[in-house]
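# Geometric and topological summary
Now for the letters of each chain:
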Amino acid sequence: NTVVLIGAPVQTGTNIQGCVMGPDALRTAGLQGSLEALGYSVIDRGNVLPEPGPNRVHSNSAVHHLSDTISWTEKLHAVALEEMREGSLPLFLGGDHSMAAGTVSGIAQAAEEAGEEQFVLWLDAHPDFHNLSTTSSGNLHGTPAAYFCGLSGFEGYYPKLNTAIKPENICMMGLRSVDNPERSALQKAGIETYDMRRIDENGVVKPVTEFLSRVKKANGRLHVSFDVDFLDPDIAPAVGTTVPGGATFREAHLIMEMLCDSQLVTSVDLVELNPFLDVRGRTATLMTDLVSSLFGKQVLDHPNRA
Ligand code: DIR
Ligand code: MN
Ligand code: MN
Ligand code: MN
């Protein structure tokens, strides 16, 4: 499959400026060349931009940039749907995580059209499981997962969802900042969650292996939505919402290598990189290295690799 890079310089889902530079920082870190060196054919579609829509206001006065988020959702939904229909492997370069409302909903629709089951691995310190009423920050990067699961609280604002991701097809890993309304919504939806305690106790191998075998058994497609703040801030400082105690360098690389072994990954979001907060591009470089592992880079041949 051709790897298609799609820049989505979204930053209206946060209150900290800088994610607009995310796609270009990943390009500067050499993402395309790294993937080409692994033998992929890579096309960079450049950055997409939303078409402005009507001004929208929600009764929750904390909510900001609602119209922009709706416009981005519509645009990225269409782009993701088109790329998946083409059979390419899209890599969405963010941009804040509000973009996943568009990317994942488009990917879900494409999978349904193809009669295939869509799974999502959500790597994040946060579940991003608010709706428009429960968010107290009003930062809409805290809402995409609830939207693409088809939960209520978006009607009349976000685009009507064609195809929801089934909650049982989602695995969230790395959680360590969950707001109360999110906690109850996650439980109610029955989403599989691995918070940092569970990773401390079991490591990453067991949960990742179990999830991947579920995807494989269903002959499913796998989307990976990778928020920079999944990683520990000591190794990945360039994100507006750092939370201490994240995944280590080795844990993150191992997950990427296991994902590569599985040959199940069909699309990826790289989100929340804020290069303005970075130290000499180190977070962009780390994300690029992790993507290289996801696409096949290894130290020596491993028996698990086909
Ligand atoms: C928090 C933070 N739950 C909120 N969310 C973040 O604003 O809703 N998501 N940072 O990535
Ligand atoms: Mn997130
Ligand atoms: Mn996060
Ligand atoms: Mn649609």
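Attention in this report is confined to the structure presented alongside it.

## Section: the nonpolar core
Residues Leu-91 and Leu-222 are the most contacted members of the largest nonpolar core, which totals 51 residues. At 6 residues, the largest contribution of residues to this core is made by helix α10 (residues 282-294). Apart from the residues lying within four places of it in its own chain, the contact partners of Leu-91 are Val-3, Val-4, Leu-5, Ile-6, Leu-31, Leu-35, Val-268, Leu-270, Val-291 and Phe-295. Leu-132, Ile-165, Ala-185 and Leu-186 belong to the second-largest nonpolar core, a separate cluster that totals 26 residues.

## Concerning the coordination of the manganese ion (ligand 2)
At this site the manganese ion (ligand 2) is bound by His-97 (ND1), Asp-124 (OD), Asp-128 (OD) and Asp-227 (OD), with donor distances of 2.1 to 2.2 Å. Between consecutive donors of the manganese ion (ligand 2), the numbers of intervening residues give the motif H-x26-D-x3-D-x98-D. Between the manganese ion (ligand 2) and the manganese ion (ligand 3) the interatomic distance amounts to 3.2 Å, and Asp-124 serves as a bridging ligand to the pair. Within this pair, whereas Asp-124 is found in the loop between β4 (118-123) and α5 (144-148), its partner Asp-227 is found in strand β7 (residues 221-227), the two being separated by 103 residues in sequence. A relative accessible area of 0% means that Asp-124 is categorised as buried. A relative accessible area of 2% places Asp-227 in the buried class.

## Focus on the coordination of the manganese ion (ligand 3)
Note on the manganese ion (ligand 3): its protein donors are Asp-124 (OD), His-126 (ND1), Asp-227 (OD), Asp-229 (OD) and Asp-229 (OD). The metal-donor distances range over 2.0 to 2.5 Å. Bound by 6 donor atoms, the manganese ion (ligand 3) shows angles of 56 to 166 degrees at the metal and therefore irregular coordination geometry. Written as a sequence motif, the donor residues of the manganese ion (ligand 3) are D-x1-H-x100-D-x1-D.

## Topic: the site of ligand 1
Close contacts around ligand 1 come from His-126, Asp-128, His-130, Ser-137, His-141, Asp-179, Glu-182, Asp-227, Asp-229 and Thr-241, and that covers them all. The separation between a nitrogen atom of ligand 1 and a polar side-chain atom of Asp-128 is 2.8 Å. Interatomic distance of 2.6 Å between a side-chain N/O atom of Ser-137 and an oxygen atom of ligand 1. Computed on the free molecule, ligand 1 has an accessible area of 310 Å², of which 90% lies beneath the protein chains in the complex.

## Side note on the sheet that holds strand β1 (residues 3-8)
The parallel open sheet is built from 8 strands, whose spatial order is β2-β1-β3-β8-β7-β4-β5-β6. This sheet does not close on itself; its edge strands, each paired only once, are β2 (42-47) and β6 (192-195). When the angles between neighbouring strand axes are averaged without regard to direction, this sheet yields 15 degrees. Pairing analysis gives 4 bridges linking β4 to strand β5 (residues 170-175), with the strands arranged parallel. Counted as the bridge partner of Leu-123 is Met-173 from β5. Lying on the sheet, helix α4 (residues 100-113) is in contact with β3 (89-94), β4, β7 and β8 (265-271); it crosses β7 at an angle near 175 degrees. Lying on the sheet, α10 is in contact with β3, β7 and β8; it crosses β8 at an angle near 175 degrees.

## Concerning helix α6 (residues 180-189)
Three or more residues of α6 are buried, namely Glu-182, Ala-185 and Leu-186. Taken around the axis of α6, the buried residues stretch over an arc of 100 degrees, which confines them to a single face. In α6, the exposed residues that point more than 90 degrees away from the buried face are Asn-180, Gln-187 and Lys-188. Where α6 is buried, its residues touch β5 and β6.

## What about the pattern of salt bridges?
As enumerated under the stated definition, the model contains 12 salt bridges in all. Note that Glu-82 and Arg-45 form a salt bridge whose closest N and O atoms lie 3.4 Å from each other. One end of the pair, Glu-82, is in helix α3 (residues 66-86); the other, Arg-45, is in strand β2, with 37 residues separating them in the sequence. Relative accessible area serves as the criterion here: at 34%, Arg-45 is assigned to the partly exposed category. With its nearest N and O atoms 2.5 Å apart, the salt bridge here joins Arg-305 to Asp-261. Note that Arg-305 is positioned in the segment after α10 and Asp-261 in helix α9 (residues 249-262), a separation of 44 residues in sequence. Of the two residues examined, Arg-305 and Asp-261, each falls in the buried class. Residues joined by salt bridges that share partners form a network here, namely Asp-24, Arg-27 and Asp-44.

Reading the values: rules and limits
All residue numbers refer to positions counted from 1 along the written sequence of the respective chain. Think of it this way: whatever chain is written first is A, whatever ligand is written first is 1, and the rest follow in order. It should be noted that, the model being predicted, local features are given only for residues of pLDDT at least 70 and side-chain atom pairs only at 80 or more, the latter also being counted only at that level, while totals for whole chains, interfaces and linings use all residues. Based on all heavy atoms of the structure, the side-chain values leave hydrogens and waters out of the count. Each nonpolar core is a collection of buried residues, namely Ala, Val, Leu, Ile, Met, Phe, Trp, Tyr and Cys, held together in the definition by side-chain atoms within 4.5 Å. Buried, partly exposed and exposed residues are distinguished by accessible area as a fraction of the type maximum, computed with a 1.4 Å probe on protein chains only: under 20%, between the cut-offs, and over 50%, respectively. Helix and strand assignments come from DSSP, with helices taken as H or I runs of at least 4 residues and strands as E runs of at least 2, each series counted from the N terminus. We call two residues in contact when some of their heavy atoms are within 4.5 Å. For Na, K and Ca the donor cutoff is 3.2 Å, while for all other metals N, O and S atoms count as donors only within 2.8 Å; water does not appear among the atoms, so some sites may look incomplete. Working rule for geometry: tetrahedral if four donors all subtend angles between 85 and 135 degrees; square planar for four, octahedral for six, if opposite donors exceed 155 degrees and the others stay between 65 and 115; irregular in every other situation. Residues are classed as near a molecule or strand on a simple rule: at least one heavy atom within 4 Å of it. Polar contact is the term for a pair of N or O atoms within 3.5 Å; when the atoms are in protein, one must be able to donate a hydrogen and the other to accept it, and sequence-neighboring residues count only if both atoms are side-chain atoms. Surface accessibility in these figures is a Shrake-Rupley result with a 1.4 Å probe; residues are shielded only by whichever protein chains are displayed. Pairing between strands is defined by DSSP: at least two bridges between them are needed. Angles run from 0 to 180 degrees between N-to-C directions of axes, and those axes are lines fitted to C-alpha atoms, restricted for helices to the stretch in contact. This arc describes the spread of directions from the helix axis toward the C-beta atoms. We define a salt bridge as a contact between a side-chain nitrogen of Lys or Arg and a carboxyl oxygen of Asp or Glu at a distance within 4 Å.

Keep in mind that these numbers describe shape and distance, not what the molecule does.
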